[in-house]
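# Overview (structure and organization)
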Amino acid sequence: MADEDIKSLTSKRVLLGVSAGIAAYKTPDLVRRLAELGADVRVILSKNSEQFVAPLALQAVSGHAVHNHAMTAESESGMGHIDLARWADVVLIAPATANFIARLCQGAADELLTTVCVATAAPLVIAPAMNQQMWQNQATQDNVATLIQRGVRMLGPDSGEQACGEVGPGRMMQPEDIAAGLSQSFEHSSLTGTSVMITAGPTWEALDPVRGLTNHSSGLMGYAIAQAAVEAGASVTLVSGPTNLEAPQGTQCVDVISALQMHAAVMADIDRQDIFIAVAAVADYRPQLEELKKIKKNAEKVSIGLIRNPDILAEVARLPKAPFCVGFAAETHDVEQYARAKLKAKKLQLVAANHVGGDETGFGVADNAISLISSDSVTELPKQNKHALARALIVEIAQHYQASNNNL
Ligand code: PMT
């Protein structure tokens, strides 16, 4: 891999999971390489991996105590599995043995490392390492195909002479190549020099000081897109409704609550944007009246009058110097048909249509699937983790944006 391909991992939080294979002895070198690229690395050892690498060596190179496989009251009172899962920008499993890959595939949560893999919303990257026959075994190949379909990224394996003396595919990639490959999964330059504004999350339309109308958007999809746009080199403004998420590093985040506030924040800064991506689930209506005091339950029946909120995306797309506009369509049925209608009615360049209403994709869950629709194309981005999906979506948006500029 050429040096110029190696991009910085500065400020990236890499959670390295080490499973029990002979290639684990290379992980202190891997930690050192990741740290050289600027990453903050924490290590979790799976059961039995201590037989292949000394925890003290990993502690010395990472500068942090190493987590072992056990989930005890003591370990959970420190940085427990949920904290680790949330902390990571990426979870890298190296080496990933055939057994670990199979457990990952099953969604096993039987020790700290597998539990973190299930609990994290961060992208998963794995560097397989095993005997060549084990790698070529159909069960392993099926498991790998399933993981790729779910958005897990593979680094390797390499082919060549193996620790067991056999020759073939299955050897773990060299630590410097894993570090370089990992940094590439964060960075590319398809949006360098462009300003991108993204709306995310729900809005909250107050009825009184303690109650309001909202929806199930968690902000995950919009925040993942903001992060992917930063990684693609864009200058990113994230206008977010109320969520429990931390704004991705490198974004300028404007927090809002209601649709009217979101509308004002977008309009205040839209002039300098090249691309506008509306991911937020904005309330179409707000209560006509916001009571200043808590509404008392005196009446048997109460009616709430609602009035239309501004359609932020439609208004942006109508501007004389409108940015390249990407809308989202959350539909429960006839997804493509309704998405096409939105593309036309709102005069958008692209619509990302997703199925909502089930419990597997869309609102509030880790995964999503998108049909990306332009006036003359449909690109299917299959169901995967929202982080992986966001990166794929940004690549597509950048291509359409460049093509539209070339046509001017
Ligand atoms: O946040 P998550 O839990 O990760 O869930 C992600 C998501 C399901 C919310 C997201 O993928 C999604 O589909 N967002 C759009 C939801 C939506 O409100 O769709 P819509 O069909 O009602 O609106 C169409 C488009 O117009 C959207 O781009 C929306 O942002 C925009 N809009 C809608 C109303 C309004 N008043 N102003 C707008 O800008």
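Anyway, here's the lowdown on the structure attached to this text. Note that the coordinates shown come from a computational prediction; the quantities given were computed from them, not determined experimentally. (Residues numbered from 1 in each chain as written. Predicted model: local features only at pLDDT ≥ 70, side-chain atom pairs only at ≥ 80, totals over all residues. Heavy atoms only, no water.)

### Structural notes on the site of the ligand
Around the ligand, the surrounding shell holds 27 residues, and the nearest of these are Ala278, Ala280, Lys342, Asn354 and Gly364. The separation between an oxygen atom of the ligand and a polar main-chain atom of Gly219 is 2.8 Å. Backbone polar atom of Leu313 to an oxygen atom of the ligand: 3.0 Å apart, as the coordinates give it. Within the complex, 95% of the 780 Å² of free accessible area of the ligand lies under protein. Within the residue set of the shell around the ligand, elements represented by two or more residues are α10 (220–231), α12 (312–318) and β16 (324–331). No other element matches β16, which puts four residues into the shell around the ligand. (Near = heavy atom within 4 Å. Polar contact = N/O pair within 3.5 Å; in protein donor to acceptor, adjacent residues only side chain to side chain. Areas by Shrake-Rupley, 256 points an atom, 1.4 Å probe, with all protein chains shown as cover. Helix = DSSP H or I, 4+ residues; strand = E, 2+ residues; numbered from the N terminus.)

### Thoughts on a nonpolar patch on the surface
Together, Tyr285, Val302, Ile304 and Leu306 make up an exposed nonpolar region whose accessible area comes to about 380 Å². Residue placement: Tyr285 occurs in strand β14 (residues 285–287). Taking relative accessible area as the criterion, Tyr285 reaches 40% and is therefore assigned partly exposed. (Patch = residues over 30% accessible without salt bridge, like charges linked within 9 Å, V, L, I, M, F, W, Y side chains within 5 Å. Salt bridge = Lys/Arg side-chain N within 4 Å of Asp/Glu carboxyl O. Buried < 20%, exposed > 50% of the residue type's maximum accessible area, 1.4 Å probe, protein only.)

### Here we look at the nonpolar core
Grouped together as the largest cluster of nonpolar side chains are 33 residues, with contacts concentrated most on Leu191, Ile198, Ile225, Ile277 and Phe328. For this core, the secondary-structure elements that each account for two or more residues are β8 (195–200), α10, β11 (235–240), β13 (275–278), β16, β17 (350–355), β18 (367–373) and α14 (386–406). Each residue touching Ile198, except ones within four places of it in the same chain, is listed here: Gly222, Ile225, Ala226, Ala229, Val236, Thr237, Leu238, Val239, Ile277 and Val279. If you look at the next biggest cluster of nonpolar residues, it comprises 30 residues, including Leu9, Leu37, Leu45 and Leu155. (Core = buried A, V, L, I, M, F, W, Y, C linked by side-chain atoms within 4.5 Å. Contact = heavy atoms within 4.5 Å.)

### Brief notes about the environment of Ser189
The topology assignment puts Ser189 in the loop between α9 (175–186) and β8. For the pair formed by Ser189 and Ala398, sequence separation is 209 residues and the distance between their alpha carbons is 9.7 Å.

### Details of the side chain of Ser240
Summarising the element assignment, Ser240 is placed in strand β11. Look at Ser240 and you get buried, because its relative accessible area is 0%. Apart from residues lying up to four places away in sequence, Ser240 is in contact with Ala200, Tyr223, Cys253, Val254, Asp255, Val256 and Met262.

### Thoughts on the sheet that holds strand β4 (residues 124–128)
Pairing in this open sheet of five strands is parallel, and the strands run β2-β1-β3-β4-β5 from one edge to the other. The two strands at the open ends of the sheet, each matched to only one other strand, are β2 (40–45) and β5 (153–154). With respect to the sheet, helix α5 (residues 98–106) is in contact with β3 (90–96) and β4, its orientation differing from that of β4 by roughly 150 degrees. (Pairing = 2+ DSSP bridges. Axes fitted to C-alpha atoms, helices over the stretch in contact; angles between N-to-C directions.)

### So, the pattern of salt bridges
Taken as a whole and assessed by the stated rule, the structure comprises 14 salt bridges. Taking the shortest distance from any N to any O, the salt bridge between Arg42 and Asp40 comes out at 3.9 Å. Linked through salt bridges whose partners overlap, the residues forming this network are Asp29, Arg32, Arg33, Glu36 and Glu176.

### Brief notes about the pairing of β4
Within β4, five of the five residues are buried, leaving the element largely enclosed by the surrounding structure. Here β4 shows two buried faces, one formed by Leu124, Ile126 and Pro128 and the other by Val125 and Ala127. The pairing of β3 with β4 spans four bridges and is parallel. Residue pairing for β4: Val91 is matched across the bridge by Leu124. Pairing analysis gives two bridges linking β4 to β5, with the strands arranged parallel. Paired with Val125 across the strands is Arg153, a residue of β5.

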